Amino acid sequence: MSTHIDTHNHVVTTPVQPKLVDKFGRHIDYVRLSVTDRCDFRCVYCMTEEMTFLPRKDVLTLEEIYQVGRAFTELGVSRLRLTGGEPLVRNNVMALVQALGRLPGLRELLLTTNGAQLVQMAGPLRDAGVNRINISIDSLDADRFKRITRTGRLDKVLAGIEAARNCNFDRIRLNTVIMKGYNDDEVIRLTDYAVERGLDIAFIEEMPLGQASDHLREDTVCSNDWVLEQIQQRYTLQSTSDSTAGPSRYYQIPGERSRIGFISPMSHNFCGDCNRVRMTVEGRLLLCLGNEHSADLRKILRAGIDENTRKDELAQLEVSEDLPVSGELKTAIIAAMDLKPERHHFYENDYAQPVRLMNMTGG
Ligand code: SAM
Ligand code: SF4
């Protein structure tokens, strides 16, 4: 048996024998749940300018997403991350966050956001049990920020970061995608901004998920080895063993709270340590970010529910925590682990890359 403290400071004892293990012996204990494919931004690496979003009937209800999150925690998953699209634009998303925050056995509830709604929402998210928050920011120049996000406003995001800093999250991490010709001269400025505020910052290499409409990815992709070199010219970086048990490699700056992370799917393969799966908002359980292997959980969630009842459910914005999780759902999740491929093939030019954009994937 192993014990840990859950989001309510309760000691939770779990069997050591993990329930979710793939064919390669990797133990899955981290799940990312996409709560929407929609967003108020249109970042150039993530979306095209004109987007068609999913029809409402294809999108899981908050209740259905909760059922999946609960099934995973009952199968031993201790960390859930809400993402999207932009999770905070989903109508009444707080009902879902609050319900997930009360799940027994959940060690950490995490959220990735573009930060634009955090002035209003940082406090309620913290109160609902969100432990850590990632906020994406790719530039500190207002015009450039607009060019990259197409519709975003830097001042709103900076105010959101300040609001989050006042809410006592365990950690706040900035996520930055450095792209040649867009923001590759801002590595130090963004790092200084994070370090001065005691925030973590992670540099994510641009991934070939779907076609970018404003640039060719091969022209903009920037190796994290280069980003690391830039930062080492200014800061002493000590390698740490801290990891989210997955793709991030972290460094500490002596005497500073901030950690500098590198997520380098294009230049370093970290698949051997992959402990995660993700669910799209259509209920497609993706076993790997860079492959199409998946299981259809929506079909199981909606089996036996007639069209009219389902329409009523789509209209509802509440989450019922009383309904038990179906055994079929848990069986399907366990069975899906066998589909998890050994690795992605992002840096192989002749390999067919996924056509899904990141907002559809659940970043
Ligand atoms: N809207 C939220 C946000 O921007 O943080 C959450 C969803 S977003 C898809 C999650 C993360 O994926 C962001 O940090 C974003 O920078 C990153 N991202 C999106 N498309 C990407 C791509 N093609 N390559 C690398 N990172 C990407
Ligand atoms: Fe929206 Fe996040 Fe994608 Fe930017 S990266 S378009 S904020 S979902």
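In the block above lies the structure referred to throughout.
Here we summarise the structure given alongside this text.

Scoring rules and cut-offs
- Residues numbered from 1 in each chain as written.
- Chains lettered and ligands numbered in written order.
- Predicted model: local features only at pLDDT ≥ 70, side-chain atom pairs only at ≥ 80, totals over all residues.
- Heavy atoms only, no water.
- Near = heavy atom within 4 Å.
- Nonpolar A, V, L, I, M, F, W, Y, C, P; charged D, E, K, R; others polar.
- Pairing = 2+ DSSP bridges.
- Helix = DSSP H or I, 4+ residues; strand = E, 2+ residues; numbered from the N terminus.
- Axes fitted to C-alpha atoms, helices over the stretch in contact; angles between N-to-C directions.
- Left-handed = near helix turned anticlockwise from the far one by under 90°.
- Contact = heavy atoms within 4.5 Å.
- Phe/Tyr/Trp six-rings, centres within 6.5 Å; stacked < 30°, edge-to-face > 60°.
- Buried < 20%, exposed > 50% of the residue type's maximum accessible area, 1.4 Å probe, protein only.
- Polar contact = N/O pair within 3.5 Å; in protein donor to acceptor, adjacent residues only side chain to side chain.
- Areas by Shrake-Rupley, 256 points an atom, 1.4 Å probe, with all protein chains shown as cover.
- Parallel < 35°, antiparallel > 145°, perpendicular 65-115°, else oblique.

Attention now goes to the site of ligand 2. Lining the immediate surroundings of ligand 2 are C39, F41, R42, C43, C46, M47, G85 and N114. Considered class by class, the residues forming the shell around ligand 2 number five nonpolar, two polar and one charged.

What follows covers the sheet that holds strand 4 (residues 79-83). The strand order across the open sheet formed by twelve strands is 9-10-11-8-7-6-5-4-3-12-13-14, and the pairing between neighbours is mixed. Either end of the sheet is taken by a strand with one partner, and the two such strands are strand 9 (238-239) and strand 14 (294-296). Sheet topology note: the strand 13 (residues 284-286)/strand 14 ladder contains three bridges and is antiparallel. Considered in strand 14, the bridge of L286 is made with S294.

Right, let's get into unusual backbone geometry. Of note, N92 is a non-glycine position whose phi angle comes to about 60 degrees, a positive value. Mapped onto the secondary structure, N92 falls in the loop between strand 4 and helix 2 (93-101). Of note in the backbone geometry, R150 takes a positive phi value of approximately 65 degrees without being a glycine.

Turning our eyes to something else, we now look at the packing of helix 6 (residues 187-196) against helix 8 (residues 224-232). Remark: helix 6 packs on helix 8, axes separated minimally by 10 Å, with the N-to-C direction vectors making an angle of 65 degrees. The handedness of the crossing between helix 6 and helix 8 is right-handed. Residues V187, I188 and T191 of helix 6 form the contact with helix 8, whose own contacting residues are W226, V227, Q230 and I231. Per-class residue counts for the contact of helix 6 with helix 8 are five nonpolar, two polar and no charged.

This next bit is on the packing of aromatic side chains. This structure, assessed with the given rule, holds three aromatic pairs. Judged by centre distance (6.0 Å) and plane angle (90 degrees), the rings of F41 and F145 are edge-to-face. Taken together, the residues F41 in the loop between strand 3 (30-34) and helix 1 (62-74) and F145 in helix 4 (residues 142-149) connect sequence positions 104 residues apart. Like F41, the residue F145 is buried in the burial classification. Between F203 and F262, the aromatic rings sit 5.9 Å apart at their centres with planes inclined by 25 degrees, giving stacked as the arrangement. You can see F203 sitting in strand 8 (residues 200-204) and its partner F262 sitting in strand 11 (residues 259-263), a full 59 residues away along the chain.

Around ligand 1, the surrounding shell holds 19 residues, and the nearest of these are Y45, G85, E86, S136 and M207. G85 places a main-chain nitrogen or oxygen 3.1 Å from a nitrogen atom of ligand 1. Note that an oxygen atom of ligand 1 is positioned 3.3 Å from one of the side-chain N or O atoms of N175. Contact with the protein chains removes 96% of the 540 Å² of surface that ligand 1 exposes when unbound. Among the elements of the structure, strand 5 (108-113) and strand 7 (171-177) are those that each provide at least two residues to the shell around ligand 1. Looking at the shell around ligand 1 residue by residue, the class counts come to six nonpolar, nine polar and four charged.

Their axes nearest at 10 Å, the elements helix 1 and helix 2 cross at an angle of 20 degrees. Considering their axes alone, helix 1 and helix 2 lie roughly parallel with respect to each other. Where helix 1 crosses over helix 2, the handedness of that crossing is right-handed. Counting all contacts with helix 1, which are made through L62, I65, Y66 and G69, the residues of helix 2 involved are L96, A99 and L100. Within the contact of helix 1 with helix 2, the residues separate by chemical class into six nonpolar, one polar and no charged.

Without other data, these values stay purely geometric and don't point to any function.
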